[in-house]
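# Summary of the model geometry
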Amino acid sequence: MPSPGTAVQTDALRLSRVTKVYAGGVTALDDVSLSVAPGTFLAVMGPSGSGKSTLMHCAAGLDVPSRGSVKVGDVELAGLSETRRTELRHERIGFVFQAYNLVPSLSIADNITLPLRLAGRRPDRAWLETLVARVGLSGHLDRRPGELSGGQQQRAAIARALVTRPAVVFADEPTGALDLRTAHAVLDLLRDLVDGLGQTVVMVTHDPAVAARAHLALVMADGRIVDTLASPTAARLAQRITTLGAE
Ligand code: ADP
Ligand code: MG
C-alpha cells in the first residue's frame, strides 16, 4: 500500500508474462513483460517473425494472449468478453497503419471523427480544432483522402487515432509508405504529440533512423525482448540489429 501523499503513476500499458502460442504451435511471444509510462514514445524493432505484430495485437486487444496479463491504463484485458474488448479498443486505443486506412468516400473531417461515432461519443470541438491544427490539416477538412498527398493522409490518420484521447496509440510502420522527407515530417508530428500532449505511442519500425526518434527502443528476437535502448541512436540500433544473428 502506498504511503499517503505518494502519487502512484499508472502505466499507460503493462504486459506481464505474456505468451502467445498460435494454433499450429508457433510461440510468437515467449513470456514478455513490458511497462510503458504515460508520455513515452516507444519503438519496437526486430527481424521479421520476431513477434512485433503479435506484441502489438495482444497489447491493443486485437488478439488474446495464451497466458499473461495486458493492462491498458487501469483496465485488465484478460477475461474481457470480445464485445467489451472491442468497446475498450474504440475508447482507449488508437491505431496508425502503414497504408493509412482512411475511408475513401468520407471527407477528412468525417474520417477523423469516425472513432467517436463508433464509440457513440460526441466530438469535443476544442480538442478537434487543436488536433486538426496540430496535424496541419485545417484547410483540408472537406476534401476526400484521394485528394491529399500520402503525408497528408497519414497526418489525417494520426489525428483519427488521437481523436478519442486514447491511452495508447499503436503505429505499425507508420512511415513505411512515405518518402524520406514526408516520413520525417510525420515522425516530427508523432514526437510532438508525445512531448506536447503527453500521448503514449508504441511504434513498430524496421528503420533504425525512424526508431531513433523514439525515447526508448525495444529489440525483439524469437518472441522475446532481447534489448531495451534509452535515447537510441540510429547507429547503435543498426549495430544491435546486425549483431542479433551472431548470438
Ligand atoms: P513480426 O511482426 O516481427 O514479423 P509476427 O508477430 O508477425 O512477427 O510473427 C511471429 C511468429 O508468429 C512468426 O513465426 C509467424 O510466422 C507466426 N505467426 C504470426 N501470425 C500467426 C498466425 N495468425 N498463425 C500462426 N502463426 C502466426
Ligand atoms: Mg509484423
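Residues numbered from 1 in each chain as written. Chains lettered and ligands numbered in written order. Predicted model: local features only at pLDDT ≥ 70, side-chain atom pairs only at ≥ 80, totals over all residues. Heavy atoms only, no water.

Counting along an α-helix, one turn takes 3.6 residues, and residues three or four places apart therefore face a common direction. Where helix H2 (residues 82–92) is concerned, the buried positions are Arg85, Leu88 and Arg89. Buried residues along H2 cover an arc of 105° about the axis, so they all sit on one side. Close packing links the buried residues of H2 with strand E5 (75–76) and strand E6 (93–97). (Buried < 20%, exposed > 50% of the residue type's maximum accessible area, 1.4 Å probe, protein only. Helix = DSSP H or I, 4+ residues; strand = E, 2+ residues; numbered from the N terminus. Arc of directions from axis to C-beta. Contact = heavy atoms within 4.5 Å.)

Looking now at the pattern of salt bridges. Scanning the model with the defined rule gives 11 salt bridges in all. With its nearest N and O atoms 3.1 Å apart, the salt bridge here joins aspartate 30 to arginine 224. Pair noted here: aspartate 30 is in strand E2 (residues 27–36) and arginine 224 is in strand E10 (residues 224–230), with a separation of 194 residues, a long-range link. With relative accessibility at 26%, the residue aspartate 30 sits in the partly exposed group. Two residues, glutamate 87 and arginine 84, come together in a salt bridge whose shortest N-O distance is 3.1 Å. Highlighted residues: glutamate 87 and arginine 84, both in helix H2, separated by 3 residues, approximately one helical turn. Given the relative accessible area of 37%, glutamate 87 is considered partly exposed. (Salt bridge = Lys/Arg side-chain N within 4 Å of Asp/Glu carboxyl O.)

Bringing the nonpolar core into the picture now. Formed by 44 residues in total, the largest nonpolar core has its most connected members in Phe41, Ile112, Leu137, Ile158 and Met203. Ranked by residue count, the leading element in this core is helix H6 (residues 180–197), at 7 residues. Membership of the second largest hydrophobic core comes to 27 residues, among which are Ala12, Ala59, Leu88 and Val202. (Core = buried A, V, L, I, M, F, W, Y, C linked by side-chain atoms within 4.5 Å.)

With that out of the way, let us pick up the site of ligand 1. Around ligand 1 sit Tyr22, Val26, Ala28, Pro47, Ser48, Gly49, Ser50, Gly51, Lys52, Ser53 and Thr54, and those are all the residues in its vicinity. In this structure, serine 50 approaches ligand 1 through a main-chain N or O atom, which is 3.2 Å from an oxygen atom. The side chain of lysine 52 places a nitrogen or oxygen atom 2.8 Å from an oxygen atom of ligand 1. Contact with the protein chains covers 59% of the free accessible surface of ligand 1, which is 560 Å². Take the shell around ligand 1: its biggest share by element is 3 residues, from helix H1 (residues 52–59). Partitioning the shell around ligand 1 into residue classes produces 4 nonpolar, 6 polar and 1 charged. (Near = heavy atom within 4 Å. Polar contact = N/O pair within 3.5 Å; in protein donor to acceptor, adjacent residues only side chain to side chain. Areas by Shrake-Rupley, 256 points an atom, 1.4 Å probe, with all protein chains shown as cover. Nonpolar A, V, L, I, M, F, W, Y, C, P; charged D, E, K, R; others polar.)

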